Amino acid sequence: DAMVIQNPRYQVTQFGKPVTLSCSQTLNHNVMYWYQQKSSQAPKLLFHYYDKDFNNEADTPDNFQSRRPNTSFCFLDIRSPGLGDAAMYLCATSREEAGTPLNEQFFGPGTRLTVL
Amino acid sequence: AQKVTQAQTEISVVEKEDVTLDCVYETRDTTYYLFWYKQPPSGELVFLIRRNSFDEQNEISGRYSWNFQKSTSSFNFTITASQVVDSAVYFCALADRGSTLGRLYFGRGTQLTVWP
């Protein structure tokens, strides 16, 4: 089945120790998103890739970076995790074309990040 | 500015009861899209429906139905004959052409608990 896969499902890191979360998709969608979701809150968009074009949300901290080496994979790098970065990180994909309606996003199961 | 309000933080019902989840939105754009997503305890956001601003027809899908009313800027979601498996957090979301492509404005979510 076509899907969005996130690894690992649970990640524990230490304060200040860089961590990378990964996302892959078999949907061949051209747009990939990273969201941060803290407990009992709505998902918050960090950034997205439209094809190879990177789009950062204005309020996303510099501590968060992303890479998309090819259509199928996208990575979220947290350079120096702080306690406030503990959250669920959700990857999503969609197929978007200029001039057509916005399509639904398909989400992965998320990676729950714990910062000690 | 875009905004989605889900006034109900938590709802508890007993199995087989009908339940309606409220969603009120704000946007200045005349073209926009509304979504409902379900987030079960596993964490994955599951797409339920997309509705564009030009289509005010209500929709029914099995036990699920949606009531879109532009006059009141509402997009409410009703589950008929609720089941325990419906227990989840439900998010209403908005996307419009004024926002970054694909950017979803989420409400804070409604935690639905269905008791056996």
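None of these values were measured; they are calculated from a predicted model.

Caption draft 1: View of the state of the cysteines. The full count for this structure, using the stated rule, is 2 disulfides over all chains. Residue pairing for C23(A): its cysteine sulfur links by disulfide to C91(A), the two sulfurs lying 1.9 Å apart. Torsion about the S-S bond of the C23(A) and C91(A) cystine: about -75°, corresponding to left-handed handedness. Of this pair, C23(A) sits in strand 3 (residues 19-25) while C91(A) sits in strand 9 (residues 87-94), and the two are 68 residues apart along the sequence. Taken as a pair, C23(A) and C91(A) share a single burial class, namely buried. For C23(B), the disulfide goes to C92(B), at an S-S distance of 2.0 Å. Because the torsion about its S-S bond is -65°, the bridge between C23(B) and C92(B) counts as left-handed.

Caption draft 2: Just the pairing of strand 8 (residues 64-69) of chain B, in detail. All names here are of chain B. Side-chain alternation along strand 8 places Y64, W66 and F68 on a buried face and S65, N67 and Q69 on a face that remains uncovered. Sheet analysis places strand 7 (residues 59-61) next to strand 8, joined by 3 bridges and oriented antiparallel. Residue pairing in the sheet places S61 in a bridge with Y64 of strand 8. Bridge count for strand 8 against strand 9 (residues 74-79) is 6 bridges, and the pairing is antiparallel.

Caption draft 3: Geometry of the pattern of salt bridges. With the rule as written, the count across this model stands at 5 salt bridges over all chains. In this structure, K44(A) and D59(A) form a salt bridge, with 3.4 Å as the shortest nitrogen-oxygen distance. Of this pair, K44(A) sits in strand 5 (residues 44-50) while D59(A) sits in the loop between strand 6 (53-56) and strand 7 (64-67), and the two are 15 residues apart along the sequence. Overall, the relative accessible area of 29% leaves K44(A) in the partly exposed class. The residue R51(B) makes a salt bridge to D55(B) at a minimum N-O spacing of 2.7 Å. Here the salt bridges do not stand alone but share partners, grouping R51(B), D55(B) and E59(B) into one network.

Caption draft 4: Local environment of the interface of chain B and chain A. Each partner contributes to the interface: chain B provides 21 residues, whereas chain A provides 23 residues. Between chain B and chain A, a total of about 1900 Å² is buried, with carbon and sulfur atoms accounting for 60% of that surface. The interface formed by chain B and chain A includes 0 salt bridges. Sorting elements by how many residues they give to the side of chain B that touches chain A places strand 5 (residues 32-39) of chain B first, with 4 residues.

Caption draft 5: Examining the pairing of strand 9 of chain B more closely. Residue and element names in this part refer to chain B. In terms of burial, strand 9 is a largely internal element, 6 of the 6 residues being buried. Because side chains alternate across strand 9, one face comprises the buried residues S74, N76 and T78, and the other comprises F75, F77 and I79, equally buried. Two elements, strand 3 (residues 19-21) and strand 9, share 3 bridges in a ladder whose sense is antiparallel. What sits directly across from L21, in strand 9, is F77. In this antiparallel pair of consecutive strands, strand 8 and strand 9, the connection spans 4 residues, and S73 shows a positive phi of 50°.

Caption draft 6: Layout of the environment of L21(A). All names here are of chain A. Position of L21 among the secondary structure elements: in strand 3. Here L21 falls in the buried class, since its relative accessible area comes to 0%. On a C-alpha basis, the gap between L21 and G110 in space is 9.7 Å, while along the polypeptide they are 89 residues apart. Beyond its immediate stretch of four places on either side in the chain, L21 contacts N7, Q11, W34, C74, F75, L76, Y89 and T111.

Criteria and cut-off values
- Residues numbered from 1 in each chain as written.
- Chains lettered and ligands numbered in written order.
- Predicted model: local features only at pLDDT ≥ 70, side-chain atom pairs only at ≥ 80, totals over all residues.
- Heavy atoms only, no water.
- Disulfide = S-S within 2.5 Å.
- Helix = DSSP H or I, 4+ residues; strand = E, 2+ residues; numbered from the N terminus.
- Buried < 20%, exposed > 50% of the residue type's maximum accessible area, 1.4 Å probe, protein only.
- Pairing = 2+ DSSP bridges.
- Salt bridge = Lys/Arg side-chain N within 4 Å of Asp/Glu carboxyl O.
- Contact = heavy atoms within 4.5 Å.
- Buried area = accessible area lost by both parts, 1.4 Å probe.

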